[in-house]
Each structure stands twice: as structure tokens, then as C-alpha cells.
Amino acid sequence: MADQARVVFLLVDGIGDVSVPEFEERTPLEVAHIPHLDALAAAGLTGLLDPVEPGLACGSDTAHMSIFGYDPRIYYRGRGAFESMGAGIPMSPGDIAFKCNFATLDPTSGIVVSRRADRNFEHVGPILCQALDGLPLPGYPEHSVSVKYATEHRCGVVLRGPGLTDAVGDTDPLKDNLPLKRSLPTDNTPEAKFTCGLVNALSEAFRVVLESHPINQHRAAEGLTVANVVLLRGCGSRIRVPSFQEQHGMRPCLVAPTKIIAGLGMSFDIDALDAPGATGSYDSMFHAKVETICDAVTGCYRDPAEGAREQQQQQQQQGMQGQSSAAGNSKALGDADPFHLAAGPGGEGSPGAGAVAGNGGGNDDGSYQFGFVHVKAVDDTGHDRMLQNKVRFLEVVDRMVAQMLRRLWEAEAAGRGRYLLVLTGDHSTPVLFGDHSNEPVPFAIASVRFAVEALGGPAYIRSVPLGPIPLPDVKNPPSSAELCKQAAFKDARRKAAWAGRPWDPAMPAEVFGPWREPWPQAVRGDPVRAFDEVSVARGALGRFPGSQVMGLVKQFAGVPVKAT
């Protein structure tokens with residue numbers, strides 16, 4: 001279909017929450033200043049999403065499977081394979097894998113004091129993984145283990161050899177200050193019993209190596225938590241399913257530095273793109289995710305590794321020419337720009353000038369038709385019980401959406417396609433609970449041009465700054481009193497939007513706050529004008545399960561329905 005829209009799907013991990021007494025019974029979304037998220041709500045259709053089913057406090061893996069259109073009740077085999085594949089460990093039929101935590105164990109009592117040794121683990125995690133990778137397994141000479149660092153305190157572990165099954169339990173007690181568990185069979189097969197023996201032997205072998213590792217000795221001397229045990233959890237094998245493109249008729253890609261999400265996407269043959277500087281942590285380069293996914297769907301994406309290889313080849317060629325040429329040739333080489341590939345959009349050698357040649361699939365320009373972006377930091381604030389920081393990272397997401405709208409609108413205005421933006425979460429992570437809960441999450445889907453219209457039109461969207469997004473000071477968040485004052489300003493803006501009052505930059509700051517972004521100026525679809533758990537409950541989509549998301553997206557995008 002010639003006018004089929006291309007889709008950017010932004011999933012904010014842990015976006016949902018509950019009413020918080022400290023915020024005068026508001027949710028963090030109701031407190032956060034998120035005018036661009038509100039514009040999406042005003043421009044399209046909204047509702048409440050149960051990522052898997054009502055009443056289920058689901059994990060990110062099962063939620064993503066459901067939202068992508070793969071029933072986890074049928075296909076789910078544990079999250080270990082997703083984490084390990086995302087970390088870069090290849091898996092073959094018969095292999096099993098675990099999503100693992102480096103944790104702190106009291107060796108005397110056998111109590112897991114902390115299930116997360118340290119979130120800031122990037123500098124030591126890879127070293128500890130290297131010490132464990134390929135470790136001999138006493139009593140199991142036919143089996144081998146691969147270990148690779150993932151992110152924060154996490155790693156992927158893959159076991160290979162005959163007679164293995166993923167029908168085994170975890171060693172993770174799931175809560176701090178509980179005993180380290182022994183893996184037990186989850187069915188009555190001989191393979192499950194055998195595999196449990198291997199898993200428990202592996203757990204002990206890891207513990208012995210970590211207990212005496214110099215990094216842990218140094219951390220103990222410095223008074224830091226030690227990482228002296230690996231919690232093996234979520235055992236799984238690689239699933240076999242139809243590819244995303246076969247299932248939905250769109251060529252997909254994703255930007256997801258969180259390894260479990262990257263590995264899950266790989267299981268569905270979704271291309272994983274690298275966004276330089278983007279992580280699954282608080283220090284992520286959030287704008288890099290925006291740039292990468294927007295380039296991918298607008299036909300401007302260039303694999304950073306490919307660009308680096310071409311630059312290296314050019315430099316090698318220049319070096320060879322310099323060795324065999326006279327000084328005049330050297331001057332000519334000196335005038336050349338070896339970094340011409342980094343020219344601006346549309347410039348010679350830039351991504352917009354044929355950079356996607358050979359990408360294949362779907363569109364004439366080789367672009368992707370479905371781009372998925374995962375943001376993890378909001379979920380971390382929930383798990384870390386950082387109430388004020390959850391508000392601030394929701395505001396970071398709002399700036400991401402602002403940049404997405406500008407980039408996609410500019411591409412659309414230049415005649416390079418039509419674009420949709422989808423925004424939701426995979427589960428709620430209430431700060432008061434510090435864990436996933438069964439509350440539904442807000443959902444919005446809108447045409448980019450209608451969202452720009454809701455913000456007042458092209459003049460405003462052109463003023464949105466691109467480039468790095470300022471990061472909140474995690475260690476010095478604002479007070480709840482400051483945020484309640486902010487929420488009062490937001491309430492006034494919301495009431496003005498519902499009343500249809502036009503935005504005027506000269507509005508009094510003492511009533512509407514210091515912000516210069518307009519509230520929604522145009523409303524299409526349903527009457528909702530704000531993106532939060534309470535407002536979208538009035539939306540036209542009602543409350544619906546994750547299994548219906550892709551059908552809705554394809555209908556909005558105009559994807560042809562496959563004949564049955």
C-alpha cells in the first residue's frame with residue numbers, strides 16, 4: 001500500500017503508577033510536565049492497556065511478547081534466552097540460558113543479603129563475567145558454560161551439552177534477606193532432575209570463583225558490597241516463532257540497550273540497532289535513541305559499525321596513496337575530509353544521501369516500517385523507590401517525544417512518508433511498592449501531523465531543540481513540596497485545555513507555571529487531552545489487552561490485512 005504509514009512505538013518500562021499521598025493523591029504522570037505526551041493524547045486515541053491480561057503483574061518479557069502479538073501462554077519459555085542472546089551469546093537448539101544477577105551472599109548463613117550487588121557495575125561486571133566464562137563444571141565434562149555481561153548488575157549465562165531442559169527452577173529467592181535457593185525440577189522428567197544437578201553445581205562453582213576474586217577482595221576492603229554469588233533465574237530455551245515481518249507485514253527494528261528486550265526482539269527477527277551512548281540506565285544518551293529510530297524509519301539509518309569500517313578503509317587507502325605519491329598528492333589528501341560521512345542531513349555522504357542502500361525490505365528508500373524504542377530508566381526509579389526522580393525521568397521521556405515529533409514531522413513535510421507514534425508501557429512499577437503491579441498502563445496512538453497540530457503547528461515544532469537531553473540529578477531530586485506546586489500549575493493548564501482556552505505565551509506564570517510549551521490546541525479522535533492513568537480512562541479505546549495492540553497499530557497504519 002503506497003500510503004502505508006510508518007510506525008514509531010515508544011515503550012516506557014514501568015510507566016504506570018498509583019495515586020501517591022505525598023503528591024496529594026496524584027500519580028507521577030499527573031505531576032510531571034509532559035506537554036508532548038499530552039499532545040499525543042489529544043491528537044489520537046487513548047485507553048488503558050493490560051499488557052497481558054487484567055489482574056496480572058507481568059514481567060517485561062511476557063508483556064513485550066503479548067504487545068508484539070505473540071501469546072506468552074503459548075510461546076514463553078523463560079526469560080534467560082532473551083537476556084543471553086541480547087548480551088551477545090548465540091544459542092542453538094538444546095541450549096538453556098538464564099537471566100542472572102550478581103548478588104551479595106552471607107557465606108556463613110547462606111542468606112542473600114542483596115539481590116543486586118550494585119547497579120553501577122559496568123566497570124567490574126565484564127571482568128567478573130570473563131572470570132566465569134568457560135568455567136569447568138566438576139562432574140559434567142560434556143557440558144560447557146558461556147557468561148557475558150549484560151547491563152548494571154546483570155549477566156547472561158548459557159549452558160550447552162546433552163540432556164538439558166529448561167524445566168528447572170531458579171536459585172534466586174526473589175527477595176532480599178532470604179536463603180539462596182537450590183534449583184528444583186518443574187516437571188518429573190529425568191532431564192529436569194539431571195539439569196537441576198548441573199545448575200546447582202554451576203551455582204557453587206561460580207560462588208567459589210567470585211568469593212576469592214581480587215575485585216571482591218578490593219570491594220570488601222573499601223566497604224563496598226561484594227558480588228560473591230550469581231542468582232540463576234528465568235531458565236529458558238530459544239523460542240521458534242514466525243518472524244515479526246511475517247506476522248505483521250512490516251519490516252521491524254528496535255533500539256533497546258536493555259539486553260533482555262534486545263534478545264526478545266532477536267527471537268522475532270527484529271533488527272537490533274545500536275544507538276551510541278544509549279544505555280538502560282539513568283545516564284543514557286536518550287536523544288541517541290531518538291536519532292537512531294527516526295533515521296531508521298525515515299530512510300536515513302547507517303550502521304555505526306559500517307560507517308567506522310568505511311572510514312578505516314578510506315584512511316588505509318589514503319595512507320597507501322601517501323606512501324606512493326609525491327608531496328603534491330599528500331596536499332590533495334590533506335584537503336580531503338576523512339569524516340565526510342558525518343555531514344548533515346541531505347549533504348553529500350550523509351545518511352540522507354543513500355546511506356541505507358542495501359538495507360532492503362518494505363519501502364523504496366530501504367527504511368524500516370516499524371521502529372520500536374525501549375526506555376528503562378523510568379522503571380528503575382520505581383524499583384529504586386525514587387518518587388521524585390520518576391517524575392523527572394517521565395519529563396525526559398517527554399523531551400524524547402518532542403524530538404521524535406520534530407524529526408518525523410520534518411520527514412513527512414519533505415514528502416518522505418507518513419508517520420504514526422505509539423506510546424505506552426509494559427507494566428506499572430509503583431514507587432510505593434518498588435515492584436511490578438497489576439495496574440493497567442496508559443496508551444495513546446496518534447498521527448504525527450495531528451500531534452504537531454495539537455501543539456500549535458509547524459512554528460512550534462521547529463523550535464524544539466535537538467541533541468542531548470539534560471539528565472536529572474538523581475542524587476539531588478526536587479522536594480515533594482516543589483513537585484506539588486508544579487502539579488497545581490499543571491492542573492490549571494489541564495483545566496484550560498479542557499475548556500478549549502487558546503494558549504498564549506503571555507499567560508501569567510503564577511497561575512500556569514513557567515513553561516513555554518502550549519497545552520493541546522486541537523483535539524482529534526477522543527476528547528482526552530492529557531496522558532496519565534486517570535485521563536486516558538475516558539479514552540475511546542477503553543481498557544484492552546496487549547494481544548490487541550498490533551491489530552490496532554496495523555489498522556491505523558493502513559497495513560493490508562492478510563487473506564486467511
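Procedures and definitions
Residues numbered from 1 in each chain as written. Predicted model: local features only at pLDDT ≥ 70, side-chain atom pairs only at ≥ 80, totals over all residues. Heavy atoms only, no water. 1 Å grid on protein atoms, 1.4 Å probe; cavity = no way out; pocket = protein on both sides within 12 Å on 5 of 7 lines; lining within 4 Å. Points joined across faces, edges and corners; volume = space filled by probe spheres on them. Helix = DSSP H or I, 4+ residues; strand = E, 2+ residues; numbered from the N terminus. Nonpolar A, V, L, I, M, F, W, Y, C, P; charged D, E, K, R; others polar. Phe/Tyr/Trp six-rings, centres within 6.5 Å; stacked < 30°, edge-to-face > 60°. Buried < 20%, exposed > 50% of the residue type's maximum accessible area, 1.4 Å probe, protein only. Lys NZ or Arg CZ within 6 Å of the ring centre and 35° of its normal. Salt bridge = Lys/Arg side-chain N within 4 Å of Asp/Glu carboxyl O. Contact = heavy atoms within 4.5 Å. Axes fitted to C-alpha atoms, helices over the stretch in contact; angles between N-to-C directions. Parallel < 35°, antiparallel > 145°, perpendicular 65-115°, else oblique. Left-handed = near helix turned anticlockwise from the far one by under 90°. Core = buried A, V, L, I, M, F, W, Y, C linked by side-chain atoms within 4.5 Å. pLDDT = per-residue confidence, 0-100. Pairing = 2+ DSSP bridges.

Visitor: Honestly, the layout of surface pockets in this entry has me stumped. Any pointers?
Guide: Once rolled over the atoms, a probe with the size of a water molecule shows which space is left empty. Taken as a whole, the largest pocket spans an internal volume of roughly 1000 Å³. If you go around the largest pocket, you meet 38 residues; those closest to its centre are R115, R116, R233, H383 and D435. For the lining of the largest pocket, the secondary structure elements donating two or more residues are α3 (60-67), β3 (96-106), β8 (229-236), α10 (259-267) and α14 (377-383). If one sorts the elements of the lining of the largest pocket by residue count, α3 sits on top with three residues. Of the residues contributing to the lining of the largest pocket, the split by class is seven nonpolar, 13 polar and 18 charged.

Visitor: Looking at this structure, how should I read the packing of aromatic side chains?
Guide: As enumerated under the stated definition, the model contains 16 aromatic pairs in all. With 6.1 Å between their ring centres and 50 degrees between their planes, F9 and F370 make a pair best called tilted. Remark: F370 occurs in strand β11 (residues 370-375) and F9 occurs in strand β1 (residues 6-12); sequence separation between them is 361 residues. Here F370 falls in the buried class, since its relative accessible area comes to 0%. An angle of 45 degrees between the planes, with centres 5.4 Å apart, marks the rings of F102 and F121 as tilted. In this pair, F102 sits in strand β3 while F121 sits in the loop between β4 (111-114) and α6 (125-132), placing the two residues 19 residues apart along the sequence. Like F102, the residue F121 is buried in the burial classification. It is R251 that lies over the ring of Y368; its NZ or CZ is 3.9 Å from the centre. The ring of W498 carries R538 above its face, with NZ or CZ at 5.0 Å from the centroid.

Visitor: How should I be thinking about the pattern of salt bridges in this particular structure?
Guide: Pairs can form between side chains of opposite charge whenever their charged atoms are close. Under the counting rule described, the total for this entry stands at 26 salt bridges. Of the charged contacts, one joins R79 and D61 as a salt bridge, the two residues approaching to 2.9 Å between their closest N and O atoms. Placement of the pair is R79 in the loop between α4 (72-75) and α5 (80-87) and D61 in helix α3, with a sequence separation of 18 residues. Of the two residues, R79 and D61, neither departs from the other in class, the shared state being buried.

Visitor: Teacher, can you tell me more about the environment of E30 here?
Guide: With respect to the element layout, E30 can be found in helix α1 (residues 28-31). For the pair formed by E30 and K490, sequence separation is 460 residues and the distance between their alpha carbons is 8.0 Å. When residues no more than four places from it in sequence are discounted, the contact partners of E30 are E25, K490, R494, D532 and V534.

Visitor: I would appreciate a short explanation of the packing of helix α11 (residues 286-298) against helix α15 (residues 387-413) in the present structure.
Guide: When two helices pack together, their arrangement is captured by the angle between the axes and the distance separating the axes. Following both chains from N to C, one finds α11 and α15 inclined at 30 degrees, their axes separated by 10 Å at the closest point. Compared by their axis directions, α11 and α15 come out roughly parallel. Note that α11 runs across α15; the crossing there is right-handed. Contacts from F286, H287, K289, V290, E291, I293, C294, V297 and T298 of α11 reach α15 at F393, V396, M400, Q403, M404, R407, L408 and A411. Residues that form the contact of α11 with α15 fall into these classes: 11 nonpolar, three polar and three charged.

Visitor: So what exactly am I meant to see when it comes to the nonpolar core here?
Guide: General note: in soluble globular proteins, nonpolar side chains tend to be found buried as a group. Judged by nonpolar contacts, the single largest core of 108 residues is most densely connected at L10, F268 and F370. With 14 residues, α15 is the largest single contributor of residues to this core. Here F370 is in contact with V7, F9, F68, F244, M250, R251, P252, C253, V297, M550 and V553, once residues within four sequence places are set aside. Of all hydrophobic cores here, the second largest spans 33 residues; its members include V124, L128, A205 and L232.

Visitor: Please explain the confidence of the model for the chain as it appears in this structure.
Guide: Predicted coordinates in areas of low pLDDT are best not read in detail. Across the chain, the average pLDDT comes to 88, with 88% of residues at or above 70. Helix α13 (residues 327-335) is the least confidently modelled element of the chain, averaging 39 in pLDDT, while strand β12 (residues 419-424) averages 98, the highest of any element. Here residues 324-362 scores under 50 on pLDDT; set against residues more than four positions off or in separate chains, the count is 43 contacts.

Visitor: In this structure, what is going on with the sheet that holds strand β10 (residues 271-272)? I would like to understand it.
Guide: Sheets are built from strands that pair by backbone hydrogen bonding, the pairs being arranged parallel or antiparallel. Across the sheet, which stays open at both edges, the eight strands sit in the order β10-β9-β11-β1-β12-β13-β2-β14 with mixed pairing between neighbours. Of all the strands in the sheet, the pair left with one neighbour each is β10 and β14 (543-545). As defined by bridge partners, β1 adjoins β12 across six bridges and the pair is classed as parallel. Looking at the pairing, L10 lines up with L423 of β12. Where α3 meets the sheet, it contacts β1, β2 (45-50) and β11, and its direction lies at approximately 160 degrees from that of β1. In this fold α15 packs onto β1, β11 and β12, with an angle of close to 175 degrees to the strand it touches most, β1.

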